[in-house]
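Fold and contact review
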Amino acid sequence: MQMTDPLLSVENAKISFRTVVGQVDAVKNVSYEVRRGETLAVVGESGSGKSVTARAVMGMLAPNAIVGEDTKIMFDGEDLSEWPELKLQDIRGRRIAMIFQEPLTSLNPVYKIGDQVGEIITAHRKISKADLRKEVVRLLDEVQLPDPETRFSQYPHEMSGGQRQRVMIAMALANNPDLLIADEPTTALDVTVQAEILSLLKDLQKKHGMAVVLITHDLTVVSKVSDTVVVMRQGEVVERGNTQEVFENPQHPYTKHLINSEPKGHPDPLPENAEPVLSGSHMSISFMLKAGGFFNPKLTELKAVNDISATIHKGETLGIVGESGSGKTTLAMAMIKLGNYQKGEITFQGNRIDQLSRKDMQPYRTRMQVVFQDPFSSLNPRMIIRQILEEGLIVNNIGGSAEARDALVRQALDDVHMPHSALDRFPHEFSGGQRQRLAIARAIVLSPEFILLDEPTSALDLSIQAQIIDLLRELRRKRDLSYLFISHDLKVVRALCHNVIVMQRGQVVEMGPTEQVLTDPKTAYTRRLVDAAFNVVA
Amino acid sequence: MTDQMIDQTPDAPDFNMNSEVASGPSLSYWQLVRKRFQGNRTGMIGMIICCVIVFTAMFAPFLAPYTPATKDRTAIYTPPQLVRFISEDGGLTRPFVLGFAEEMNPVTYEITFKPSHEQRVDLGLFVQGEDYKFLGMTFSTHLFGGVDGAPVHFLGTDGLGRDVFSRMLYGSRITLLMGLIVMGAACVIGTFVGVTSGYMGGRTDTIIQRVIEFVKSFPDLPLYLALVAVLPRRADPMLTFIMFAAIVVVLKWADLARELRGKVIAIRSVEFVRAAVAVGANDRRIIGRHIIPNMSSHIIVWATYVLPEVILLESFLSFLGVGIQQPMVSWGVMLNAVRDFQSLASAPWLLAPVGMIILSVLAFNALGDGLRDAMDPYAND
């Protein structure tokens, strides 16, 4: 790599937002630069200001943003922060392109793929219709979408998340940009797809000689893909440098903390001859899908769970892994009678529960609890934390007096390492990791014996994931819990689960002790999951 | 063993999230809404005007110089009187109005009114006037009026010599009462039906939705006309008022019920509701503590939009003579007096209620817009 002038340099960026509760400083004095052919990774937790800085480069900040006076955004020798909107419009999509996190919402559902990619081209240059089509097909081919000719006239809903992200990349590449900003391009994708998208990005960068700014919270991605790295925390750069050097010898304690926050460790050894807590045998769940027209209705059966048996013993953590749509959540929710249920036998501590009505389930509810994936929607925004935690105690008549309930609630907060000052606050005042702790507190306040964990870490930043995993392990030990742990991330599963079930399209493809399944996968599907989790980019 | 407690050396900075729990005052959702609303100028102005209108309606007997039925036989179709502060000789005096000298056009026999300085009427505050009842007690003090009971008609009089200004203030009571009754009843019915439909699902939902479609497809004007046809000619005006309000409610609740049904279906599958099911909460608790509080902003905004609609509907139907009946006074009833061109041309001041209708509709819409913006959970300012 020859030393040239940086293509993009952000100098002294300072961005704040006007809000009802006063001015919030999102970015304080951030500088970084990236050269042609180089990949810069900007790493930090959510709220560290990494995306805001990138949006400032594109001139795409929310209207309530205030950009500091000393902020300079030099792109190829010119200061973009002084450019008017019209001039910026010309440069966006032509010289600077951006890929967003959420491929499901960043494509317009009513236009065909070909039209959407073509629009980027026609917005910046004149091209004949025939050439446009050829160009779009070439781009779709370049991002390795199978059968690009057919894709041209497909709609976004006909494609998977990974394929849509490829389309987004094709759109970004349409005008051969000098700079590509990728804002968490793989976070919303399944692990197996993540790896493919990253290697695609890397290949394309080499081929086109672009500069890439990769925004991410995932350090494994950083170490495999980027040349230089900038670590951000609370709107400030805490460390910068060559990726390899930073990883080998991190200087700032926060960087060390991030590098050490990979989920690690192993589950505590399983007690021998533990009795089963929850077991299901030959469970099947199917949904009827309507197809055909009004006059010619056809019902097709979708088998979400197909004849699966599983048992969780006392003290055990059983993992269920699989890609999205593999039926893992449907299965688990059915086992605690929170979802649709059709066939098979479910036994909880020796009692058959599969035929019980919702009312009859009431006595079991305190003994089996659930923690959901998204901490932002699992706490009622109109209730304070005390009300949220108390609810289960009130409906089940636990604790009797208000003082006794208060003591139980405070005990649960202590157990999840949250301060008691949280009690009178509303959910929106907490970060994602804190909310997930509160959701766990809501589950453990009832002193359950079994908790279903439905991807409790996948909506969280990596460094916070590790803390939640530590917390879960600690609670399991302290309260003698059994877990059913749903995840698509094998790293987390390895750190937490004794046994694992691998699911694909409603069926078990492999099951057994975690170490055995991970080190010696029997099926190609499991091998693909393992490769994706532990060897990000080949 | 990588317990986080052991993991951290004592002097390492604490990157655990616990240290970052927000300090300072905790703002609830409604406090945030209030803050955001206070920053919205149009909304605030709308709210102030709405408050003034409601206040006027409540204290109409005190604010109005006359009762709506008082007839001044010496003043038929007199034009509005200007409040003056400068006397004939140019000096500043206490506020007064001028009485009218009647002149008859010898050709057309038309009577015209000219302000005459000989008939000066001084205005006073807290003057004694006609008795009125307020909260069960009888008073006779009015906020202002002519001293010693001299006649004052700020907005002129109608064909029977009744004071337009007083009638307009009294009219706001019936019009607003109608709006509030309809709003309240439609909200209660709409919420109940909508929540039932969305939460129960299945067959109940299907039946309720078909009923809503039937109600919404019903042509409303014939229904109001039918009301007039059904009621006896000399029916009690109160009965007409209640029947009229009932019909409007019957036609209005369906919109809210349908909107809320959709919201309930969305909220029902959100994880905090499923978490409540998981701790064993029953349906009543889930609806009362989880679903309705999360829809309250929607209901409030809907209510502020439905009020101006009812005001318009009332005045429109009463103008046609199918709504509220004399001797009840509402803005619409007052407009009914100017339905022929002759009275419109000779006494345009009878259109004064139109101003009030426009003002109140704009004010309630501004309030509704402001509330909607302030309650938007996705607002980022």
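Please read all numbers here as calculations on a predicted model, not as lab measurements. For every chain, the first residue of the written sequence is number 1, and numbering continues from 1 along that sequence. Labels follow written order: the first chain is A, the first ligand is 1, and so on. In keeping with the predicted nature of the model, local features appear solely for residues at pLDDT of at least 70, side-chain atom pairs appear and are counted solely at 80 or more, and the whole-chain, interface and lining totals rest on all residues.

**Observations concerning the overall build of chain A**
Check the secondary structure of chain A and you find 19 helices and 21 strands. Relative to a compact globule of 538 residues, whose C-alpha radius of gyration would be 24 Å, chain A shows 25 Å and is just as compact. Whether a residue is buried, exposed or partly exposed follows from its count of other C-beta atoms within 10 Å of its own C-beta, namely 20 or more, 12 or fewer, or something in between, respectively; the C-beta atoms are built from the backbone. By residue count, 47% of the 538 residues in chain A fall in the buried class. By the criteria applied, helices consist of DSSP H or I runs no shorter than four residues and strands consist of E runs no shorter than two, each listed in order from the N terminus. Only C-alpha atoms enter the radius of gyration; for comparison, a globular chain is expected to reach 2.2 Å times N to the power 0.38, where N is the number of residues.

**Focus on the nonpolar core**
Each nonpolar core reported here comprises buried Ala, Val, Leu, Ile, Met, Phe, Trp, Tyr and Cys residues connected via C-beta atoms within 7 Å. A170(A), V370(A) and A441(A) are the most contacted members of the largest nonpolar core, which has 231 residues in total. Take this core: its biggest share by element is 14 residues, from helix α5 (residues 164–200) of chain B. By definition, residue pairs are in contact when their C-beta atoms, positioned from the backbone, come within 7 Å. Apart from the residues within four sequence positions on either side, A170(A) is in contact with V117(A), L139(A), L140(A), E142(A) and V143(A).

**Side note on unusual backbone geometry**
Residue and element names in this part refer to chain A. Here N12, not a glycine, exhibits a phi torsion of approximately 50 degrees, which is positive. Relative to the elements of secondary structure, N12 occurs in strand β1 (residues 8–19). Phi angles above zero are rare outside glycine, and D147 is one such case at about 55 degrees. You can see D147 is positioned in the loop between α4 (129–142) and α5 (148–152).

**Quick notes on the interface of chain B and chain A**
Between chain B and chain A, the contact holds 36 residues from the first and 47 residues from the second. It is helix α9 (residues 271–278) of chain B that provides the largest number of residues to the side of chain B that touches chain A, a total of 7 residues.

**As for the domain arrangement of chain B**
Residue and element names in this part refer to chain B. With domains assigned, chain B is organised as domain 1 (49–57 + 167–375) and domain 2 (68–161). Marked domain ranges trace back to an automatic or database domain assignment. A C-alpha centroid distance of 37 Å is found between domain 1 and domain 2. The interface is formed by 12 residues belonging to domain 1 together with 9 residues belonging to domain 2. Of all elements in the fold, only α5 and α13 (341–346) reach the threshold of two or more residues within the side of domain 1 that touches domain 2. Among the elements that make up the side of domain 1 that touches domain 2, the one with the highest residue count is α5 (3 residues). The classification used treats Ala, Val, Leu, Ile, Met, Phe, Trp, Tyr, Cys and Pro as nonpolar, Asp, Glu, Lys and Arg as charged, and all other residues, Gly among them, as polar. Split by residue class, the side of domain 1 that touches domain 2 holds 9 nonpolar, 2 polar and 1 charged.

**Here's the deal with the pairing of β1(A)**
Residues and elements named next belong to chain A. Pairing between two strands requires that DSSP report at least two bridges joining them. The pairing of β1 with strand β2 (residues 22–34) spans 9 bridges and is classified as antiparallel. Residue pairing across strands places F17 opposite V24, the latter belonging to β2. Hairpin connection, β1 to β2: the antiparallel pair is bridged by 2 residues. Note: β1 against strand β5 (residues 72–75), 4 bridges, orientation antiparallel. Of the residues in β5, the one forming a bridge with L8 is F75. In the sheet, β1 pairs with strand β4 (residues 65–67) via 3 bridges, with the strands oriented antiparallel. Residue pairing in the sheet places S16 in a bridge with I66 of β4.

**Thoughts on the sheet that holds strand β16 (residues 351–352) of chain A**
Residue and element names in this part refer to chain A. Reading across the sheet, the 4 strands line up as β13-β12-β15-β16 and stay open at both edges, with antiparallel pairing between neighbours. Sheet topology places β13 (298–313) and β16 at the edges, where each strand pairs with a single neighbour. Sheet topology places strand β12 (residues 276–291) next to β13; 12 bridges connect them, and they run antiparallel. By the bridge assignment, A291 is partnered in β13 with K298.

**Things to note about the packing of α5(B) against helix α11 (residues 296–320) of chain B**
Residues and elements named next belong to chain B. Angular values range over 0 to 180 degrees, each being the angle between N-to-C directions of two axes fitted as lines to C-alpha atoms, with helices fitted over their stretch in contact. Remark: α5 packs on α11, axes separated minimally by 8 Å, with the N-to-C direction vectors making an angle of 135 degrees. Classed by the angle they form, the pair α5 and α11 counts as oblique. The way α5 lies across α11 gives a crossing that is right-handed. Within the contact between the two elements, α5 uses T175, M178, G179, V182, M183, A186, C187 and T191 and α11 uses I299, A303, V306, L307, V310, I311 and E314. Considered class by class, the residues forming the contact of α5 with α11 number 11 nonpolar, 3 polar and 1 charged. For classification purposes, an angle smaller than 35 degrees is called roughly parallel, one larger than 145 roughly antiparallel, one from 65 to 115 roughly perpendicular, and anything else oblique. Each helix crossing is assigned a hand: it is left-handed if the near helix lies turned anticlockwise from the far helix by less than a right angle, otherwise right-handed if that turn is clockwise.

**A look at helix α6 (residues 161–173) of chain A**
All names here are of chain A. The span one expects for a helix is its residue count, reduced by one, times 1.5 Å. In this model, α6 (13 residues) spans 18 Å end to end at C-alpha, consistent with the 18 Å of a helix rising 1.5 Å per residue. Along α6, the positions that sit buried rather than exposed are Q163, R164, Q165, R166, V167, M168, I169, A170, M171, A172 and L173. Elements that come into contact with the buried residues of α6 comprise β7 (96–99), α3 (113–124), α4, β8 (179–183) and α7 (191–208).

**Re the packing of helix α3 (residues 41–58) of chain B against α5(B)**
Residues and elements named next belong to chain B. With their axes 8 Å apart at the nearest point, α3 and α5 run at an angle of 105 degrees to one another. The angle between α3 and α5 places the two elements in the roughly perpendicular class. Here α3 contributes I53, V54, T56 and A57 to the contact with α5, which in turn contributes L169, S172, R173 and L176. Among the residues forming the contact of α3 with α5, the class breakdown is 5 nonpolar, 2 polar and 1 charged.

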